[in-house]
Amino acid sequence: MLMTSRRFTLHALLACSVLGFATQTLAQPVFKITAIPDESPTELARKAAPLVSYLMQRLGMKVEFTPVSDYAAAVETLVNKQVDMAWFGGFTFVQANVRSGGKVLPLVQRAEDANFKSVFITSQPDIRALADLKGKTLSFGSPSSTSGHLMPRNYLLEAKINPDTDLKRVAFSGAHDATIAAVAAGKVDAGALNISVWDKFVADKKVDTSKVRVFYTTPAYFDYNWTVHADMPQALRTKLTQAFLDMNSSTPDGKALLELQRASRFIPTQAANYKGIEAAARSAGLLK
């Protein structure tokens, strides 16, 4: 009886230990990230996978990439704390900031994002300047895109061209690569998009520059950033920021990460950097 009792006690302890371990495993925190879908889902997934692995090592917790269907969904998932961090454009950051009542914080941006630009492209020989777009068809990217809609629209308005009245038709492709495809296929006369996506397509020979060319490059503005909810503990924010700042092109892994993010390096950023984007959005009637 004593031996049986001891066996039962041992088995009970082992069962409790296993159950306790399983509970701890299930309760492990998961750090969730998302990104505005400014490129194809396959490209976003390709860029996210190495970053997820890197952040898992640096944060010491499980990290997951959660794709979203559109720009508005990216804003809502962060505002509603369904994800912990989001890759926003300048305009989507402004939208999230307004939507949350100032409860989101941009942590870092690529060095390139402090001096970002959009390009207007065309396959039509008679389009040489913005003024030549009058009476033509034009594709933007997503309505909520900074570099694919807001800032191109802003600079058109500054050139005294109202896209809604002076152009024959305005379309929205949904993503920068889709805008290039629409122009190349002759579906529209011109398109406006993110300069880094254009440069990447040119470098990878995915666009025939003898047929499709840039005819206008905008002045510089602040754009993309990694943003978190303001309720995130300061210690985690600091750890996260340092992980991005430590990416270094002198190491093979760091070089690969930065190349995928189309970055030379990451730098700290702040909400004040996007006041110009907010002003442009309000002026264009895109932010109420």
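K.L.:
I would appreciate a short explanation of the side chain of lysine 136 in the present structure.
P.N.:
Tracing the chain through its elements places lysine 136 in the loop between strand 5 (118-122) and strand 6 (137-140). Under the relative-accessibility criterion, lysine 136 is labelled buried at 18%. Here the side chain of lysine 136 touches aspartate 126 through a polar contact of 2.7 Å, side chain to side chain. In this view, lysine 136 contacts Asp126, Ile127, Leu167, Lys168, Arg169 and Asp189; residues no more than four positions away in its chain are not counted.

K.L.:
Help me understand unusual backbone geometry, please; the structure alone is not making it clear to me.
P.N.:
For residues besides glycine, phi is generally negative; the peptide bonds are generally trans as well. Unlike most non-glycine residues, lysine 81 shows phi in positive territory, near 60°. Within the fold, lysine 81 resides in the loop between helix 3 (71-79) and strand 3 (85-88). The backbone of lysine 160 sits at a positive phi, close to 65°, despite the residue not being glycine. Assignment of secondary structure puts lysine 160 in the loop between helix 5 (146-158) and helix 6 (163-166). By relative accessible area, lysine 160 is classed as exposed at 69%.

K.L.:
Help me understand the sheet that holds strand 8 (residues 190-194), please; the structure alone is not making it clear to me.
P.N.:
With mixed pairing, five strands are arranged side by side in an open sheet as 7-6-8-5-9. Here the strands that pair on one side only, and so sit at the sheet edges, are strand 7 (169-172) and strand 9 (213-217). When the angles between neighbouring strand axes are averaged without regard to direction, this sheet yields 30°. For strand 6 and strand 7, the ladder comprises four bridges, and the chain directions are parallel.

K.L.:
When you look at the packing of aromatic side chains in this model, what are you seeing that I'm missing?
P.N.:
The relation between two aromatic rings is expressed through the spacing of the ring centres and the mutual angle of the planes. The tally for this structure, following the rule as stated, stands at 11 aromatic pairs. Put simply, the rings of Trp87, Phe116, Tyr221, Tyr224, Trp226, Phe244 and Phe266 touch in pairs and so form one group of aromatic residues. Over the face of the ring belonging to phenylalanine 201 we find lysine 206, whose NZ or CZ atom lies 5.6 Å from the ring centre.

K.L.:
What am I meant to see in the nonpolar core here?
P.N.:
In summary, soluble globular proteins display a tendency toward joint burial of nonpolar side chains. Membership of the largest hydrophobic core comes to 52 residues, with the highest contact counts inside it found for Leu55, Leu240 and Phe244. Tallying contributions element by element places helix 3 first for this core, with six residues. What phenylalanine 244 contacts, discounting residues up to four positions off in sequence, is Leu51, Leu55, Met85, Val108, Trp226 and Phe266.

K.L.:
What's the story with helix 3 in this structure? I'm lost.
P.N.:
In an α-helix, one full turn covers 3.6 residues, which means residues spaced three or four apart are oriented alike. Burial analysis of helix 3 places seven of its nine residues in the buried class, which makes it a mostly covered element. Listed in full, the buried residues belonging to helix 3 are Tyr71, Ala73, Ala74, Val75, Thr77, Leu78 and Val79. Looking at the buried residues of helix 3, the elements they touch are strand 1 (30-35), strand 3, helix 4 (90-99), strand 4 (104-110), helix 7 (176-184) and strand 10 (225-229). Its side-chain oxygen placed 3.3 Å from the backbone nitrogen of alanine 72, aspartate 70 serves as the N-cap of helix 3. Lysine 81 sits one or two residues past helix 3 and shows a positive phi near 60°.

K.L.:
How should the sheet that holds strand 1 be read in this particular structure?
P.N.:
Two strands in a sheet stick together by hydrogen bonds in their backbones, pointing the same way (parallel) or opposite ways (antiparallel). Strand order in the open sheet formed by six strands is 2-1-3-10-4-11, and the pairing between neighbours is mixed. Looking at which strands have only one partner, the edges of the open sheet turn out to be strand 2 (62-65) and strand 11 (266-268). Here the average twist between neighbouring strands, direction ignored, is 25°. Where strand 1 meets strand 3, three bridges bridge the pair, whose relative direction is parallel. Paired with alanine 35 across the bridge in strand 3 is tryptophan 87. The sheet strands contacting helix 3 are strand 1, strand 3, strand 4 and strand 10, and the helix crosses strand 3 at an angle near 150°.

K.L.:
Is there a simple way to explain the packing of helix 2 (residues 41-59) against helix 9 (residues 234-245) in this structure?
P.N.:
Helix-helix packing: each pair is described by the crossing angle between the helix axes and the interaxial distance. Taken N-terminus to C-terminus, the directions of helix 2 and helix 9 make an angle of 130°; their axes are 10 Å apart at the nearest point. Classified by the angle their axes make, helix 2 and helix 9 are oblique. With respect to the hand of their crossing, helix 2 and helix 9 are arranged in right-handed fashion. In this structure, helix 2 uses Leu51, Tyr54, Leu55, Arg58 and Leu59 to contact helix 9, whose residues at the interface are Leu236, Lys239, Leu240, Gln242, Ala243 and Phe244.

About the cut-offs
Residues numbered from 1 in each chain as written. Predicted model: local features only at pLDDT ≥ 70, side-chain atom pairs only at ≥ 80, totals over all residues. Heavy atoms only, no water. Helix = DSSP H or I, 4+ residues; strand = E, 2+ residues; numbered from the N terminus. Buried < 20%, exposed > 50% of the residue type's maximum accessible area, 1.4 Å probe, protein only. Polar contact = N/O pair within 3.5 Å; in protein donor to acceptor, adjacent residues only side chain to side chain. Contact = heavy atoms within 4.5 Å. Pairing = 2+ DSSP bridges. Axes fitted to C-alpha atoms, helices over the stretch in contact; angles between N-to-C directions. Phe/Tyr/Trp six-rings, centres within 6.5 Å; stacked < 30°, edge-to-face > 60°. Lys NZ or Arg CZ within 6 Å of the ring centre and 35° of its normal. Core = buried A, V, L, I, M, F, W, Y, C linked by side-chain atoms within 4.5 Å. Parallel < 35°, antiparallel > 145°, perpendicular 65-115°, else oblique. Left-handed = near helix turned anticlockwise from the far one by under 90°.

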